[in-house]
Amino acid sequence: MPALSFQYFIVFAVFGCIGPFFAEVLREDYGLTEVQIGYILGIGSFAVVISPVLITLLADAAVKPRWLMMAMYLIGGAMLGGMLGVESGGTAFWLVLVFYCIYALSMVPTVPLQDGMTFAAQTKRAKEGQPELHYHRIRLWGTIGFMAPGAVLFILLNAGASNRVTIAGGVLCCLLGAINAFFLPDVGPRTPVTQPPGPTKDGQPRPRFPTAAAARAMMEPHVLVFALAIFLAQMAVTSYYAFYPRYLVQEAGIELKWAALIAAIGVTIEIPFMLGVGWLLRSWGWKKLMVIG
């Protein structure tokens with residue numbers, strides 16, 4: 001599934017262009033204060049709560065996932081492109097706030113949607129008797145994609161390019177993602193499942209969507225505990241990318257051009273674990289693997 005692998009590469013390449021640089025770019029190039037930067041990053045993070053659920057519902061109910069994917073990349077790229085045209089000072093804060101909020105709303109759901117497409121493709125291949133599609137081997141391309149922009153952006157920044165070249169890199173990756181979405185496997189929309197507690201008035205089963213079933217499952221105690229753990233883990237990740245560029249430049253005294261390359265060191269460590277997921281699952285199982293992780 002080359003298209004699926006490349007889609008993981010692209011989406012994490014977008015994050016690799018934006019994440020390690022964005023907070024400091026807002027300060028240096030847009031003249032925003034730390035409080036304003038906090039509002040922008042906070043509003044963007046709130047997208048995690050809203051858009052994945054809405055996009056999943058659309059994928060379940062009406063729209064083929066690859067067309068959703070294409071639309072999200074186009075919207076995300078357009079919003080990053082809008083940010084490129086914002087001048088520092090004046091209304092910069094409000095314009096960047098709006099652009100980044102819409103960018104986050106459109107791009108945050110891409111990873112869970114890609115995961116859903118991968119799992120659907122796995123099921124389809126199994127039914128057709130084709131060779132197994134290993135998720136962790138496809139997802140590994142996301143790790144490589146996150147690291148790839150670092151070298152290119154370092155060369156450009158070292159040659160004197162504006163810090164906004166990092167955002168321009170995100171625009172280019174979004175365009176590539178929109179094009180590649182056309183070649184993704186056609187796995188939906190999914191048809192509603194019929195597992196109601198009882199028949200409807202006309203005696204026919206009542207259809208329900210997987211999204212609704214997932215919402216009910218969220219209320220189960222063991223799922224709530226898991227969700228709380230993931231919530232805390234997400235807080236750690238969000239805090240890291242919010243403060244990492246500031247720490248690097250203002251505290252450690254390292255030039256911003258090194259940001260992605262330094263972050264790539266940590267991401268590189270993830271590669272052997274990603275490749276070993278199959279063995280780890282066979283040895284430990286899901287619960288032990290999650291707890292140790």
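A short tour of the structure in this document, coming up. Quick caveat: nothing in here was measured; it's all calculated off a predicted structure.

## A word on the packing of aromatic side chains
Applying the stated criterion across every chain yields a total of 13 aromatic pairs. Judged by centre distance (5.4 Å) and plane angle (90°), the ring pair of Phe 182 and Phe 183 falls under edge-to-face. On the accessibility criterion, Phe 182 (45% relative accessible area) is partly exposed. Phe 183 sits in the exposed class, given a relative accessible area of 55%. Pairing Tyr 240 with Tyr 241 gives two aromatic rings, centres 4.7 Å apart and planes at 75°, and the pair type is edge-to-face.

## A closer look at the pattern of salt bridges
Within this structure, the stated rule accounts for six salt bridges. A salt bridge links Glu 34 to Arg 246; its shortest N-O distance comes to 2.7 Å. Of the two residues, Glu 34 is situated in helix α3 (residues 34-61) and Arg 246 in helix α10 (residues 221-251); the sequence distance between them amounts to 212 residues. A relative accessible area of 47% means that Glu 34 is categorised as partly exposed. A salt bridge links Lys 257 to Glu 255; the nearest nitrogen and oxygen atoms lie 3.9 Å apart. Take Lys 257: its relative accessible area is 15%, and that puts it in the buried class. Within the structure, one salt-bridge network assembled from shared partners comprises Glu 24, Arg 27 and Glu 28.

## Considering a nonpolar patch on the surface
Together, Phe 6, Trp 67, Leu 172, Leu 176, Ile 179, Phe 182 and Phe 183 make up a nonpolar patch on the protein surface, roughly 700 Å² of accessible area in all. The element best represented in the nonpolar patch is helix α8 (residues 165-181), accounting for three residues. Mapped onto the fold, Phe 182 is located in the loop between α8 and α9 (210-217).

## As for α10
The terminal C-alpha atoms of α10, which comprises 31 residues, lie 42 Å apart, in line with the 45 Å expected from a rise of 1.5 Å per residue. At Phe 243, α10 is deflected by roughly 40°, the largest bend along its length, and proline Pro 245 occurs up to four residues later in sequence. What α10 keeps buried is the set Val 223, Ala 242, Tyr 244, Pro 245, Leu 248 and Val 249.

## Structural notes on the packing of helix α7 (residues 135-158) against helix α11 (residues 259-275)
Running from N to C, α7 and α11 cross one another at 165°; their axes reach a closest spacing of 10 Å. Between α7 and α11, the angle falls in the class roughly antiparallel. Where α7 crosses over α11, the handedness of that crossing is left-handed. Of the residues in α11, those in contact with His 136, Arg 139, Leu 140, Thr 143, Phe 146, Met 147, Gly 150, Ala 151 and Phe 154 of α7 are Ala 260, Leu 261, Ala 263, Ala 264, Val 267, Thr 268, Glu 270, Ile 271, Met 274 and Leu 275.

## As for the nonpolar core
Ranked by size, the top nonpolar core spans 66 residues in total, and within it Phe 22, Tyr 30 and Ile 40 carry the most contacts. Considering every element that reaches this core, the biggest residue donor is helix α1 (residues 2-18), with ten residues. When neighbours within four sequence positions are excluded, Tyr 30 is seen to be in contact with Val 25, Met 83, Leu 84, Val 86, Ser 88, Gly 89, Ala 92, Val 96, Arg 164 and Ile 167.

Reading guide: rules and limits
Residues numbered from 1 in each chain as written. Predicted model: local features only at pLDDT ≥ 70, side-chain atom pairs only at ≥ 80, totals over all residues. Heavy atoms only, no water. Phe/Tyr/Trp six-rings, centres within 6.5 Å; stacked < 30°, edge-to-face > 60°. Buried < 20%, exposed > 50% of the residue type's maximum accessible area, 1.4 Å probe, protein only. Salt bridge = Lys/Arg side-chain N within 4 Å of Asp/Glu carboxyl O. Helix = DSSP H or I, 4+ residues; strand = E, 2+ residues; numbered from the N terminus. Patch = residues over 30% accessible without salt bridge, like charges linked within 9 Å, V, L, I, M, F, W, Y side chains within 5 Å. Areas by Shrake-Rupley, 256 points an atom, 1.4 Å probe, with all protein chains shown as cover. Expected span 1.5 Å × (residues − 1). Bend = angle between axes of the 7 residues up to and from the residue. Axes fitted to C-alpha atoms, helices over the stretch in contact; angles between N-to-C directions. Parallel < 35°, antiparallel > 145°, perpendicular 65-115°, else oblique. Left-handed = near helix turned anticlockwise from the far one by under 90°. Contact = heavy atoms within 4.5 Å. Core = buried A, V, L, I, M, F, W, Y, C linked by side-chain atoms within 4.5 Å.

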